[in-house]
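The primary structure of each chain is shown beneath.
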Amino acid sequence: MSRFGKAKANNVDSLAGFRAQKKDTVISHGVLNAARKSGQLNLSSRGLSEVPQNVYRLNIDPPEDAHQNVSFDASDRWWEQTDLTKLLLSSNQLTHLSDDIRLLAGLNILDLHDNQLSSLPSALGELQELHQLRLSHNQLTSLPEELCTLKNLRSLTIQQNLLESLPEQVGHLENLSELDLSRNHLKGLPSSLGCLIGLQKLNLCHNKLTCLPDSLRQLKNVKMLDCSNNQLTHIPASLSEMVALEQLYLRHNKLCLLPRLSAPTLKELYVGNNQIEQLETEQLECLTAISILELRDNKLKTIPEQITSLSTLTRLDLTNNDITTLLASLSLLPNLKVLLLEGNPLRGIRRDLLTKGTNELLKYLRGRIQEKPQRADEGHTALTLPSQARFNEQKIRTLKLLEFSEKQADQIPNELFDAAAGEDVTTANFSKNQMTSIPSRLVEFHASLSDINLGFNRLTCCSPDICKLLNLKHIDLRNNQLDELPPEMKNLTKLCSIILNYNRFRFFPEVLYHIVTLETVLLGNNQVSAVDPNRLMKLDHLSTLDLSNNDLLNIPPELGLCTNLRCLILDGNPFRTPRAAILAKGTDAVLEYLRSRITT
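Residues numbered from 1 in each chain as written. Predicted model: local features only at pLDDT ≥ 70, side-chain atom pairs only at ≥ 80, totals over all residues. Heavy atoms only, no water.

Draft legend 1. How the structure looks around the overall build of the protein chain. Summing up its helical and strand segments, the protein chain has 13 helices and 21 strands in all. Residues classed as buried in the protein chain amount to 50% of the 600 residues present. Taking all contacts inside the protein chain whose residues are at least 6 apart in sequence as the whole, residues at least 24 apart take part in 37%. Only carbon and sulfur atoms are counted for the fraction: they give 47% of the accessible area of the protein chain, which is about 28100 Å². (Helix = DSSP H or I, 4+ residues; strand = E, 2+ residues; numbered from the N terminus. Buried < 20%, exposed > 50% of the residue type's maximum accessible area, 1.4 Å probe, protein only. Contact = heavy atoms within 4.5 Å. Areas by Shrake-Rupley, 256 points an atom, 1.4 Å probe, with all protein chains shown as cover.)

Draft legend 2. Here's a closer look at the nonpolar core. In this structure, Ile-101, Leu-110, Leu-156, Leu-212, Leu-225, Leu-269 and Leu-316 are the most contacted members of the largest nonpolar core, which totals 99 residues. Elements supplying a minimum of two residues to this core: helix H3 (29–38), helix H4 (53–56), helix H6 (351–354) and helix H7 (358–368). Per-element tally for this core: the top contributor is H7, with 3 residues. Residues within four places of Leu-156 in sequence aside, it is in contact with Leu-133, Leu-135, Leu-147, Leu-173, Leu-176, Glu-178, Leu-179 and Asp-180. One finds Ala-420, Ile-498, Leu-545 and Cys-562 within the second-largest nonpolar core, a separate group that totals 63 residues. (Core = buried A, V, L, I, M, F, W, Y, C linked by side-chain atoms within 4.5 Å.)

Draft legend 3. The arrangement of the sheet that holds strand E20 (residues 544–546) in detail. Read from one edge of the open sheet, 8 strands run E14-E15-E16-E17-E18-E19-E20-E21, paired in parallel fashion. Looking at which strands have only one partner, the edges of the open sheet turn out to be strand E14 (401–403) and strand E21 (567–569). Here the average twist between neighbouring strands, direction ignored, is 5 degrees. With 3 bridges joining them, strand E15 (residues 427–429) and strand E16 (residues 451–453) adopt parallel strand pairing. For Ala-428, the partnering residue across the bridge sits in E16 and is Ile-452. (Pairing = 2+ DSSP bridges. Axes fitted to C-alpha atoms, helices over the stretch in contact; angles between N-to-C directions.)

Draft legend 4. The arrangement of the confidence of the model for the protein chain in detail. Of the residues in the protein chain, 89% have a pLDDT of 70 or more, and the chain-wide mean is 86. Contacts for the low-pLDDT stretch residues 1–25, under 50 throughout, to residues beyond four places or in other chains number 8 contacts. Counting interchain partners and residues more than four positions distant, the pLDDT-below-50 stretch residues 70–75 has 6 contacts. (pLDDT = per-residue confidence, 0-100.)

Right, here's the structure in full:
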C-alpha cells in the first residue's frame, strides 16, 4: 500500500504538515518584526480565513531570526519589542476568532469589520486595555457578556450585523463615548443603556424598534442620537432631559406628532418620512435653539404662525407635504436661508417662483405682508452690521454660516475664509455672484460643512475638490453652466439633495446613480434626453425628482416601479405619453399609468 493509501486508511491528513506550514508563513517575518517595533499590525484585505497563530503569539514568541542577532549593539534588539496595541483585520474572510486573542492583552484598537464572524469568543473580555472595537459588517447574532467588562472601551461599532438584542450588561461600558448599533434587527433596548453616561454619539437607525427606553433620559452627554428607519410611533418627552442633545434623527418612522422636546441645545431635528399631520404650538415653542428643521414627506396641511418664533432657524424643509397656503410671515424669520417647498399643492404661488430659490421666495412673501414699513425696517436693521462691513463675522461665529451672496463677485475674498478659520462652519452661501469656479478654500471646512449654495453663478465645471467635503448633505448648483459632474462625487455618502435646475446637462448625471443617500434631485430646465429607471430604482431614498422642461422624448414605463417617489415632475418635455391630463393628476397617477404600460 502506498504512503498516501496508508495515511487515508488511518484517517491521517496527509497534507496537514503543508497546511500548518502555510498558516505559519501567511504573514512574513518582516511584517511581524515591524509590528514588534511599532506595536501596530495591519492585516486588512489579505483574504485571511483565520488569524495565523504567530499573530496571536506575537507578544510571547521571539522572532525566528533572534539567534542571528543577539549582540547588544544590534539595531534590532527583539527583547525590547513593543507589545501589540493596534491590530487591523478588516475586509478578510474570518469566520471565527480564537480564544488565543487573550494573548494580545495590550491591544488598544481591534478592527474586525467586514468579515464573516457569526460569534465572538468570551476571551475578548480579557482585553482590558481596549479603546476601540470595530465589528461592523459581520454576521453577529449576539454579543458575549464578557465584552461588557471592557471598562476602557470608548468606541464600539457593530452596524450591519444580525443582532436582535443586547446583553443587559451593556450598561457596564461606563467609558463608552460612541456606540453604533445601526442596521441590525434590534426590537428593543435594555434599560441599562441609560447607564452609559459618557456616551456622546448613539446610532440606532435601521432596526425594528417600536419604542425607546425611558432610561435614555440619563444620557446627559449625548450630542447625536439617530433613530431613523425604525417603527417608532412616539418619542418619550423624557428625552428632553438629554441636555447636551444637538442632533436628533427620526426619519422614516411612524410618528404622527412632532416630538415635544425642550432640549435646550437641540439644533437639528430630522423627522422626514413620517405621518405627521399637524404641528402644535407647544411642540414648536420648545425648539428654542433649532437651526435645521426637516419635515419633508409628511402629511402637513398647514404651518402654524408660531413657527415664526424660531428665530435661530436657518433651514426649513417642507418638501412633499399637503400644504396649500404659505405663511407670508415666514419671511420674517431673521436667519432663514433655505426654504424647501417642492411637492406641495400650493395655491397663489407661481411654480417658477419656487425654482428661483429661497431669496426670491422670501422677497415675494415679504411683499405680501401688510405691516407698517417702519416695523419691517427695524427688524432688518437690527440684524445687519454697519454698511461698510463686507461680510457678517457674527453669523460666522454664532450661526456657523459663511455668506457672501449677491455681490456680483468673480471670487470670494480670502478675508472671509480667514475670518472663519477655526470655526466649524456648516453652511456656505455664495449664490448670485459671477464665479466661474468653486472656491478651493472651501475644503478648509471639510469636517463640518454640510450645506452649500452656489446657485446663480457662471460655473462651467464642478471641481473635484468639492468631493472632499464628505459631510455635505445639500448642494445648490442651479442657474450655472454645468454639463457634467465629477465621478468623485460618489464619495459624498451623506448627500441628500442636489439642485441642478437651469444648467446644460444633456444626460442624467452618471454619478448621481451611485449616491444612494439622495432624497431630492432637481434637474429641471436642462437638456436631459433620457433616464435609466432600473438604476433610479436602486436609489431607495429618492422621493423627489424634477425632470421638467427637458428633452425627454419618451418616459420608460419602468419608471413607474420607482415607488419611493412622492414627487415626480415631468411637465414641459416633448413626450406624447403620459398625456397632460394624467400629469395633472399628480405623481401617484403618473406612476400607476407607467406601471400599467409595462409589458410582461
